[in-house]
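Architecture and fold: a report
These are the residues of each chain, in order.
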Amino acid sequence: MQIAERQLLLRDSNFVRILRLAAEAKGLISLGPGEPDFDTPKFIRQATKNALDAGKTHYSSMAGRPELREAIAKKFRKDRRVGIDPDKNIIVTCGSNEAIFLGLMSILDPGEEVLVPDPCFLSYIPTVEAFNAYPISIPLKEEDGFQLYTDAIEAAIKDPKRVRAIVLSSPSNPTGTVLKKKRLEELADIAIEHDFLVFMDEAYEKLVYEGKYHSMASLNGMENHCVTFQTFSKSYAMPGYRLGYAVGPEELIKAMTRLHTYTTLTAPTMSQIAGYHALTGSQGCVERMRREYDRRRKLVVKRLGAIPGFELVEPDGAFYAFPSIHFKKRGKKLTSGQFCEFLLKDAKVLAVPGTEFGRYGEGFIRLSYATEYSLIKQAFDRIEESAQKL
Ligand SMILES: Cc1ncc(COP(=O)(O)O)c(C=O)c1O
């Protein structure tokens, strides 16, 4: 069978091998997951059941149910202090991943470029490549706290005419970094100067533990240069509902909605009804989960700090820690992949190699604390013991 060339470009992940090993391991503790361990709050599940019982199983309008778009616009006005039109500036999608895919597909012609601060969320680079465009990595450095600096962005722009966008997440998956206001302002200036879009992935917007969250969409002059991607998967623990959305310039949202019509058609109607209730109901559940993640974050920071061989930029958001690893075996420094394999076999703890998030992730591992507190404790007891063998 002949498979399209663009498929062959998609890299096989080293992590797949590690996951295979993990499936065989007994008594494993996983610090791998990229999804909340919490159940979806009860009132949201109840709203879903009610929707089913009421026979809400038909297609919705392409861009999303009007009441949901209205609720999103209200939330956006409140959180971002930006006025948006629910009929022109919003598309509701099957998770924010679909929205990012549609956004990139709508703007990219073959040979064009997208800037990608690296390490980054694992779907950005393959998605850009799938459209025969070039992802241009901007290396993020541990010593900069994984913040994005002007000189690094400018060094990556070789031919401004070819650069169509930058795609990035804040709070970041995998580093947990929240971009500082000054860094956002500098990036906004560059985007306006070179006329490219900022795809700001705010999947973890509600999971911020230190300081205030600053948003790209709120900055002056970004109305036509910023697309914001948000999701119900993390804040409301609804990953299986597959519900996300994009907020952006009218022309782009229109193009994305056209493509959406030929792919998923609409996000699931029951999920959209559940999402409406999530946004308009009490937000206490979001805060309760955030507080528990924060408690776990503090534990992870403390435990990593006590094990020689790890160095950590303290994460301010999301639910990940991204320490660098400095371990040797028989005099040779272990790579991220080798270290994760060692952890899996020796400690029976699953961690994700930093290389899953781009080539500048080498030398790091990602540990998720979307796992119960007591399990995180046990995992670190094991990691501590195993690390002493290196
Ligand atoms: C940064 C980031 N963006 C997007 C997504 C995709 O989320 P969704 O479930 O909304 O497709 C994830 C999921 O892990 C993520 O970490």
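Residues numbered from 1 in each chain as written. Predicted model: local features only at pLDDT ≥ 70, side-chain atom pairs only at ≥ 80, totals over all residues. Heavy atoms only, no water.

The next thing to look at is the domain arrangement of the protein chain. Domain boundaries assigned for the protein chain yield domain 1 (5-40 + 285-387) and domain 2 (43-280). Put simply, the middle of domain 1 and the middle of domain 2, counted by C-alpha atoms, are 25 Å apart. Contacts between the two partners involve 36 residues from domain 1, matched on the other side by 38 residues from domain 2. The interface formed by domain 1 and domain 2 contains 1 salt bridge. One salt bridge in this structure joins Arg 297 and Glu 210, with 2.7 Å as the shortest N-O distance. Seen at the junction of domain 1 and domain 2, the total is 16 residue pairs in polar contact (both at pLDDT 80 or more). (Domains from an automatic or database assignment. Contact = heavy atoms within 4.5 Å. Salt bridge = Lys/Arg side-chain N within 4 Å of Asp/Glu carboxyl O. Polar contact = N/O pair within 3.5 Å; in protein donor to acceptor, adjacent residues only side chain to side chain.)

Next up on the list: the site of the ligand. The local shell around the ligand holds 14 residues, among which Ser 96, Asp 201, Thr 231, Ser 233 and Lys 234 are the closest. A distance of 2.6 Å is found between an oxygen atom of the ligand and a side-chain nitrogen or oxygen belonging to Lys 234. About the coverage of the ligand: the protein hides 92% of its 400 Å² of free accessible area. It is helix H5 (residues 95-107) that provides the largest number of residues to the shell around the ligand, a total of 3 residues. Residues belonging to the shell around the ligand are distributed by class as follows: 3 nonpolar, 8 polar and 3 charged. (Near = heavy atom within 4 Å. Areas by Shrake-Rupley, 256 points an atom, 1.4 Å probe, with all protein chains shown as cover. Helix = DSSP H or I, 4+ residues; strand = E, 2+ residues; numbered from the N terminus. Nonpolar A, V, L, I, M, F, W, Y, C, P; charged D, E, K, R; others polar.)

With 12 residues, helix H3 (residues 42-53) should cover 16 Å at 1.5 Å per step; its first-to-last C-alpha distance of 16 Å lies within 8% of that length. Residues Ile 44, Ala 47, Thr 48 and Ala 51 constitute the buried set of H3. The buried residues of H3 occupy one face: seen down the axis, they fall within an arc of 100°. For H3, the exposed residues set more than 90 degrees away from the buried face come down to Lys 42 and Asp 53. Against helix H10 (269-280) lie the buried residues of H3. Of the residues trailing H3, Gly 55 is marked for its positive phi of about 75°. (Expected span 1.5 Å × (residues − 1). Buried < 20%, exposed > 50% of the residue type's maximum accessible area, 1.4 Å probe, protein only. Arc of directions from axis to C-beta.)

Note that Asp 144 resides in the loop between strand S4 (134-139) and helix H7 (150-156). Sequence-wise, Asp 144 and Thr 263 are 119 residues apart; in three dimensions their C-alpha atoms are separated by 40 Å.

This part is about the state of the cysteines. Scanning the entire structure with this criterion turns up 0 disulfides. The thiol of Cys 226 is unpaired, and the distance to the nearest cysteine sulfur, on Cys 120, comes to 18 Å. The thiol sulfur of Cys 340 is not disulfide-bonded, and the nearest other cysteine sulfur, from Cys 120, lies at 17 Å. (Disulfide = S-S within 2.5 Å.)

So, on to the packing of helix H11 (residues 284-305) against helix H13 (residues 373-387). Contact pair H11 / H13: the axes reach a minimum separation of 10 Å and the direction vectors enclose 10°. Judged on the interaxial angle alone, H13 and H11 are roughly parallel. Along the contact surface, H11 presents Glu 292, Arg 295, Arg 296, Leu 299, Val 300, Arg 303 and Leu 304, while H13 presents Tyr 373, Ile 376, Lys 377, Phe 380, Asp 381 and Glu 384. (Axes fitted to C-alpha atoms, helices over the stretch in contact; angles between N-to-C directions. Parallel < 35°, antiparallel > 145°, perpendicular 65-115°, else oblique.)

What follows deals with a negative patch on the surface. Together, Glu 143, Asp 144, Asp 151, Glu 154, Asp 189 and Glu 193 line one region of the surface with negative charge. Examined against the element boundaries, Asp 151 turns out to sit in helix H7. Residue classification places Asp 151 among the exposed residues on the basis of a relative accessible area of 57%. (Patch = residues over 30% accessible without salt bridge, like charges linked within 9 Å, V, L, I, M, F, W, Y side chains within 5 Å. Lys, Arg positive; Asp, Glu negative; His and termini not counted. Charge placed at Lys NZ, Arg CZ, Asp CG, Glu CD.)

Mapped onto the secondary structure, Thr 269 falls in helix H10. A residue is classified by how much of its surface remains accessible, and Thr 269, at 7% relative accessible area, is buried. What Thr 269 contacts, discounting residues up to four positions off in sequence, is Lys 56, His 58, Tyr 59, Ser 60 and Arg 65.

Here we take up unusual backbone geometry. Cis geometry is adopted by the peptide bond preceding Pro 119, which originates at Asp 118 and carries an omega value of 10°. Within the fold, Pro 119 resides in the loop between strand S3 (113-118) and helix H6 (124-130). Residue Pro 171 is bonded to the preceding Ser 170 through a cis peptide linkage, with omega at -10°. Tracing the backbone through its elements, the reader meets Pro 171 in the loop between strand S5 (163-169) and helix H8 (181-194). A positive phi angle is found at Arg 81, which is not glycine, with a value near 55°. Residue placement: Arg 81 occurs in the loop between helix H4 (66-80) and strand S2 (90-93).

Turning next to the packing of H3 against H10. The geometry of H3 relative to H10 is characterised by a closest axis approach of 8 Å and an angle of 140° between their N-to-C directions. As the angle between them shows, H3 and H10 are arranged oblique. H10 is crossed by H3, and the crossing has right-handed handedness. For the pair H3 and H10, the contacting residues are Phe 43, Ile 44, Ala 47, Thr 48, Ala 51 and Leu 52 in the first and Met 270, Ile 273, Ala 274, His 277 and Ala 278 in the second. (Left-handed = near helix turned anticlockwise from the far one by under 90°.)

Compared with an ideal rise of 1.5 Å per residue, which puts 12 residues at 16 Å, H10 spans 17 Å between its outermost C-alpha atoms and is within 8% of the ideal. Within H10, the full set of buried residues consists of Thr 269, Ser 271, Gln 272, Ile 273, Ala 274, Gly 275, Ala 278 and Leu 279. Next to the buried residues of H10 lie H3, H4 and S2.

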